[in-house]
Amino acid sequence: MKFPAPVSVQWIADLIQAETAGDLTAGVTGINEIHVVETGDLVFVDHPKYYDKCLNSDASFIIINTKEVTIPAGKTIFVVADPFESYLKIVKHFRPFASTAKPVSDDVIVGEGSVIMPNVFIGRHVTIGKDCVIHPNVSLLDYTTIGNNVVIQAGTVIGSDAFYYNTKKNRDVWYKKMLSCGNVIIEDYVEIGAGCTIDRGVTSVTRIGQGTKLDNMVHIGHDTLVGKNCLFAAQVAIAGGVVVEDGVTLWGQVGVSKTLTIGANAVVLAQSGIPSSLAGDKVYWGTPTEDASIKRRELVWIKRIPELWKKVMQ
Amino acid sequence: MKFPAPVSVQWIADLIQAETAGDLTAGVTGINEIHVVETGDLVFVDHPKYYDKCLNSDASFIIINTKEVTIPAGKTIFVVADPFESYLKIVKHFRPFASTAKPVSDDVIVGEGSVIMPNVFIGRHVTIGKDCVIHPNVSLLDYTTIGNNVVIQAGTVIGSDAFYYNTKKNRDVWYKKMLSCGNVIIEDYVEIGAGCTIDRGVTSVTRIGQGTKLDNMVHIGHDTLVGKNCLFAAQVAIAGGVVVEDGVTLWGQVGVSKTLTIGANAVVLAQSGIPSSLAGDKVYWGTPTEDASIKRRELVWIKRIPELWKKVMQ
Amino acid sequence: MKFPAPVSVQWIADLIQAETAGDLTAGVTGINEIHVVETGDLVFVDHPKYYDKCLNSDASFIIINTKEVTIPAGKTIFVVADPFESYLKIVKHFRPFASTAKPVSDDVIVGEGSVIMPNVFIGRHVTIGKDCVIHPNVSLLDYTTIGNNVVIQAGTVIGSDAFYYNTKKNRDVWYKKMLSCGNVIIEDYVEIGAGCTIDRGVTSVTRIGQGTKLDNMVHIGHDTLVGKNCLFAAQVAIAGGVVVEDGVTLWGQVGVSKTLTIGANAVVLAQSGIPSSLAGDKVYWGTPTEDASIKRRELVWIKRIPELWKKVMQ
């Protein structure tokens, strides 16, 4: 998330009651997760294991729970007891949860020729392009951007919160939600089936690329980036932080684990489970996925075990 | 889709700006996909590979991109440069997308004793029989027909568009939607769980047979015909153009590939993936599905490999 | 289900037109399924195979289709021709289906700080605690109880009917619905993703324990009891009557069969299918689930078959 305008180090320090060290002059332009930080961003870290990674990332500002680190030139640290709570405080300040009694927010921008059907919910800061159809009972939550010529079938949810929890277990309720302040961008000519769910980015963007088509009940996790002209059949589920390159086809009920990459034009057969990155331009099958031809041959080999057994054990 | 009344060859020729040849006198009664064409129907074909199939199908009228074919007696061809675009033009004429601000269309017919709960969307040309319950946040889209004693649980979508695209890739947006002009018929005593999606036929009907019961989050693809007294457990997904005969049981998370037939009273165990037609009256398991007893034995054989290895490789 | 107040044996006998035998003096406090009956409850049984089980269960009152049984001391039988129909009659009396035109029932109790977003349906006898967020297009059906600090993402359905049918096939419509009169309890700090479905108990409760987090499109069957601090990833489906103990993690697309128990802190890897109970504190994988390390080794063994074949068959 970028802030509406850069804020001073002092302002952040006051908000989260932090001690500061390093460069105190630069403006803080936004807050992001470590995977997607950019220059000017704030990031938080609360475990020594990740101190160096965060300090040496693209982030310019680091919320941290120690003073005993070397601060890279031009960077700033904010020292607090609980960096996660500071993250939550900043997100709540810039993206407070806004209740509303209006099914369609007054500030929605809808392009010419677009149709919003009944029983649709549209939150704040939503933009819808030209010649779109948003079918009944769809929910477009805050900060969703829809391109031109997009169709969203009935009952679909876009912009739900990330499934992302702080798992420190030193409390009664083990899992504490990392509040989502990211968004969803649906590009031109995308079509999304009925009953789909697309989570917003935790701090960044979940994107569905131009011309991609989703069948019904497809789930797309937070911060996942789907390329152009992909086809996902019914009940595909993709976890968070995944990169799906252009032209990828996932057949029905395929599951994709988090933070991996699927190469361009890969085809993954139905019900496969993808645990790690796949090269493009190949056909895959199975759980865990393998080259489909290898997997098919494996099924033949399994059928030959009785013959082996007879020969060996006779 | 049948037209409201038969139209003349000349009228169609004018609409899609086609040259005609063959019998010019008969009335065109509807338009259909090649899989479901009937006498009197229009069909379109744009690839030489399928010319003969289309010309010799039950269709009486063929939109085609060549004159160089032999026209069967009594049939008519419409010659255009892009038959797919002509199909879209005809569908848009007879089934234009209709936006509305009314959650429940004025023309809905609801039988005695039926209850429509709040937040339900009901499109145009929808009929609901007697003693039904349509739970909250359900979407019944245009041309849906619901029989008597039907229950539809909350959040379910009936009549969403087919996931069916023209995949000619000579353009920026690879996949161009084949507009759906079909419908959904839900027969008497059917019960449909929460969060289900049932797509309308592309040009014909998606049907759920009498007494069939669907658990939550079941997906039924376009033009699929489900028989009587079937049971589908949660998260079953059936692709388009499938025939499920009477009395079939599909347990949870089963996936069914397109245009196949599952024989009467077949039982398919949970998480199975069905790639091709299955005979009735048997129990199946696995991906790809096999006779369940064979699949179970296979798991035992796999567990014996180490013993074989020890014997052979010692 | 407990009745609002205990009713007399005579009153029940009149309602279902039963002959009675045994203790005629005690008050009937509720009606329940055999799996969850308590002292004071009515239960029904219509098959000789289960007569003894029902008569000797915790139920105090038994609706049965024979007089020829020994009635345990202090218990009462109600003799009718069709006990299942008597069950339906009693449920319809105490929990009649109530149609309404109100999206939010007048009797809902909402705690301080809780937000109900637009297009939400809330049925009768629903309680929502403090500091909750109920996102748009959610359906909370009759008798649902939500604790404090609960978040329910858009499009989710809570309290849909059980997928539970009487399968006596001596009629045209094979499956006759066992009407649900149970409820759903969502405890404090639970978060439920978008597009989830949680069925009410048939006669008892479906419960999601404190601090448990559900990702999108998770299905929870009737009468399932989920413990505290569990994590279920997207598209998990759990059938009815399951016990999930505290701290269990189910990764994406896991399927769980009915009436089994998953022990505390078990972890089940993505796409696994659980056919029977699992001990706690272990990691599982596969369909059917096994210890994950055994399953992983099995995949290695399968890859060695060609080597075995070469050695043996050369």
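Up top is the structure these notes are about.
Residues numbered from 1 in each chain as written. Chains lettered and ligands numbered in written order. Predicted model: local features only at pLDDT ≥ 70, side-chain atom pairs only at ≥ 80, totals over all residues. Heavy atoms only, no water.

Engineer: Please clarify how the interface of chain C and chain B should be interpreted in this entry.
Structural biologist: At the interface, 53 residues of chain C touch 46 residues of chain B. Across the interface of chain C and chain B, roughly 3700 Å² is buried in total on both sides, 66% from carbon and sulfur atoms. When the buried area of chain C at its contact with chain B is split by residue, Phe163, Tyr175 and Trp301 of chain C rank highest and sum to 19% of it. Seen at the junction of chain C and chain B, the total is three salt bridges. (Contact = heavy atoms within 4.5 Å. Buried area = accessible area lost by both parts, 1.4 Å probe. Salt bridge = Lys/Arg side-chain N within 4 Å of Asp/Glu carboxyl O.)

Engineer: What exactly am I supposed to notice about the packing of aromatic side chains here?
Structural biologist: Between two aromatic rings, the relevant description is the distance of the centres plus the angle of the planes. Evaluation of the coordinates by the stated rule reveals 21 aromatic pairs over all chains. Both rings, one in Trp11 of chain A and one in Phe94 of chain A, keep their centres 5.8 Å apart while their planes meet at 55 degrees; by these two values the pair is tilted. Highlighted residues: Trp11 of chain A in helix α1 (residues 9-16) and Phe94 of chain A in helix α3 (residues 83-94), separated in sequence by 83 residues. Among the residues examined, Trp11 of chain A registers a relative accessible area of 33% and is labelled partly exposed. Measuring from centroid to centroid gives 5.2 Å for Phe44 of chain B and Tyr87 of chain B, while their planes differ by 40 degrees, and the two rings are tilted. Of the two residues, Phe44 of chain B is situated in strand β4 (residues 41-45) and Tyr87 of chain B in helix α3 (residues 83-94); the sequence distance between them amounts to 43 residues. (Phe/Tyr/Trp six-rings, centres within 6.5 Å; stacked < 30°, edge-to-face > 60°. Helix = DSSP H or I, 4+ residues; strand = E, 2+ residues; numbered from the N terminus. Buried < 20%, exposed > 50% of the residue type's maximum accessible area, 1.4 Å probe, protein only.)

Engineer: Explain the state of the cysteines to me, please; I cannot follow it from the model alone.
Structural biologist: As used here, a disulfide is simply a covalent bond connecting the sulfur atoms of two cysteines. Residue and element names in this part refer to chain B. On inspection of all chains with the given rule, the structure shows zero disulfides over all chains. Cys196 supplies the cysteine sulfur nearest to Cys230, a cysteine that is in no disulfide, at a spacing of 14 Å. Overall, Cys230 belongs to the buried group, its relative accessible area being 0%. (Disulfide = S-S within 2.5 Å.)

Engineer: Please explain the environment of Ile274 of chain C as it appears in this structure.
Structural biologist: Residues and elements named next belong to chain C. Structurally, Ile274 can be placed in strand β32 (residues 273-274). Note: C-alpha distance between Ile274 and Trp285 (eleven residues apart in sequence) is 8.9 Å. Those residues in contact with Ile274 that sit more than four places away from it in its chain are Leu250, Val254, Gly255, Val256, Ser257, Leu260, Ile262, Val268 and Thr289.

Engineer: Quick question: what am I supposed to make of empty space enclosed by the protein here?
Structural biologist: Over the atoms, a rolled probe matching the size of one water molecule traces out where space is still vacant. Tallied over the entire structure, the rule returns six cavities of 30 Å³ or more. Size it by volume and the largest cavity reaches roughly 910 Å³. Taken together, 39 residues make up the lining of the largest cavity; nearest its centre are Thr287 of chain A, Gln271 and Thr287 of chain B together with Gln271 and Thr287 of chain C. For the lining of the largest cavity, the class distribution of residues is 15 nonpolar, 18 polar and six charged. Quantified by volume, the second largest cavity comes out at close to 240 Å³. As for the second largest cavity, its lining consists of 23 residues, of which Gly155 of chain A, Gly155 and Gly195 of chain B together with Gly155 and Gly195 of chain C are closest to the centre. The class makeup of the residues in the lining of the second largest cavity is ten nonpolar, 13 polar and no charged. (1 Å grid on protein atoms, 1.4 Å probe; cavity = no way out; pocket = protein on both sides within 12 Å on 5 of 7 lines; lining within 4 Å. Points joined across faces, edges and corners; volume = space filled by probe spheres on them. Nonpolar A, V, L, I, M, F, W, Y, C, P; charged D, E, K, R; others polar.)

Engineer: So what exactly am I meant to see when it comes to the packing of helix α1 (residues 9-16) of chain B against α3 of chain B here?
Structural biologist: Any two packed helices are characterised by the angle at which their axes cross and by the distance between the axes. Residue and element names in this part refer to chain B. Taken N-terminus to C-terminus, the directions of α1 and α3 make an angle of 110 degrees; their axes are 10 Å apart at the nearest point. Judged by the angle between their axes, α1 and α3 are roughly perpendicular. Between α1 and α3 lies a crossing whose hand is right-handed. For the pair α1 and α3, contact is made by Trp11, Ile12, Leu15 and Ile16 and by Ser86, Lys89, Ile90, His93 and Phe94, respectively. (Axes fitted to C-alpha atoms, helices over the stretch in contact; angles between N-to-C directions. Parallel < 35°, antiparallel > 145°, perpendicular 65-115°, else oblique. Left-handed = near helix turned anticlockwise from the far one by under 90°.)

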